[in-house]
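One letter stands for each residue in the lines below.
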Amino acid sequence: MRLSRQKFHGSMRFNMTPMIDIVFLLIIFFMTVSQITRTVETPMELPVVTQGDETAQTTTVTVNINQTGEILIGGQEQTLAKAVAVIRMRLEKVGNRPEKVKIQIRAHRLCQCRYLTELFQQLSNLGITNVRSSVSDS
């Protein structure tokens with residue numbers, strides 16, 4: 001049995017289009033990267049960060065108000081005057097800078113608004129405006 005051999009008479013061609021596409025993409029990539037490195041290497045005087053400065057730190061006070069209007073800070077029951085004194089002490093720890101004190105209020109859903117209003121008035125007298133309240137989605 002004789003097998004026929006086919007002879008390939010044409011020349012093989014190499015498709016250069018994908019190679020050219022890749023070369024152009026590499027050129028664009030290196031041009032872009034060189035521009036980015038130039039902007040990063042531009043000399044510039046940057047601000048200096050100081051560490052360990054107690055006045056630069058912030059403090060958060062969580063105030064819990066139950067259904068009867070009792071105020072709890074750190075698990076201890078406080079009157080409104082004592083709660084304000086605790087918050088004032090925290091304010092003094094951060095250099096009397098009200099913007100460095102964060103108040104987190106957690107009030108019972110059946111708590112009367114007058115308790116919250118009294119607390120908000122006292123916080124306003126201290127100059128504290130960063131007040132958040134916790135809510136439940138259920």
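As the structure is a prediction and not an experimental result, all values here were calculated from the model.

## Description of the overall build of the protein chain
Step number 1: Helix and strand counts for the protein chain come out as three helices and five strands.
Step number 2: Along its sequence from the N terminus, the protein chain presents helices and strands in the succession α-β-β-β-α-β-α-β.
Step number 3: A buried classification covers 19% of the 138 residues belonging to the protein chain.
Step number 4: For the protein chain, the proportion of contacts with a sequence separation of at least 24, taken over those separated by at least 6, is 68%.
Step number 5: Accessible area for the protein chain stands at about 11,800 Å²; split by element, carbon and sulfur atoms hold 56% of it.

## Considerations on the pairing of strand S4 (residues 101–107)
Step number 1: Here seven bridges tie strand S1 (residues 59–65) to S4, and the two strands are oriented parallel to one another. Its bridge partner lying in S4, Val61 is registered against Ile103.
Step number 2: The pairing of S4 with strand S5 (residues 131–133) spans three bridges and is classified as parallel. Each bridged residue has a counterpart across the sheet, and for Ile105 the counterpart in S5 is Ser133.

## A closer look at unusual backbone geometry
Step number 1: Located in the positive-phi region is Asn96, a residue other than glycine, with phi close to 55 degrees.
Step number 2: Topologically, Asn96 is positioned in the loop between helix H2 (80–93) and S4.

## Observations regarding the sheet that holds strand S2 (residues 71–73)
Step number 1: A sheet is described by the order of its strands in space; here five strands give the open sequence S3-S2-S1-S4-S5, paired in mixed fashion. Across the chains shown, the open sheet's two edge strands, defined by having one partner strand only, are strand S3 (76–78) and S5. Across the sheet, the mean angle from the axis of one strand to that of its neighbour is 30 degrees, orientation sign disregarded.
Step number 2: Running over the sheet, H2 touches S1, S2, S3 and S4 and is turned about 170 degrees from S1.
Step number 3: The sheet contacts of helix H3 (residues 113–126) involve S1, S4 and S5, and relative to S4 the element is tilted by about 175 degrees.

Rules behind the numbers
Residues numbered from 1 in each chain as written. Predicted model: local features only at pLDDT ≥ 70, side-chain atom pairs only at ≥ 80, totals over all residues. Heavy atoms only, no water. Helix = DSSP H or I, 4+ residues; strand = E, 2+ residues; numbered from the N terminus. Buried < 20%, exposed > 50% of the residue type's maximum accessible area, 1.4 Å probe, protein only. Contact = heavy atoms within 4.5 Å. Areas by Shrake-Rupley, 256 points an atom, 1.4 Å probe, with all protein chains shown as cover. Pairing = 2+ DSSP bridges. Axes fitted to C-alpha atoms, helices over the stretch in contact; angles between N-to-C directions.

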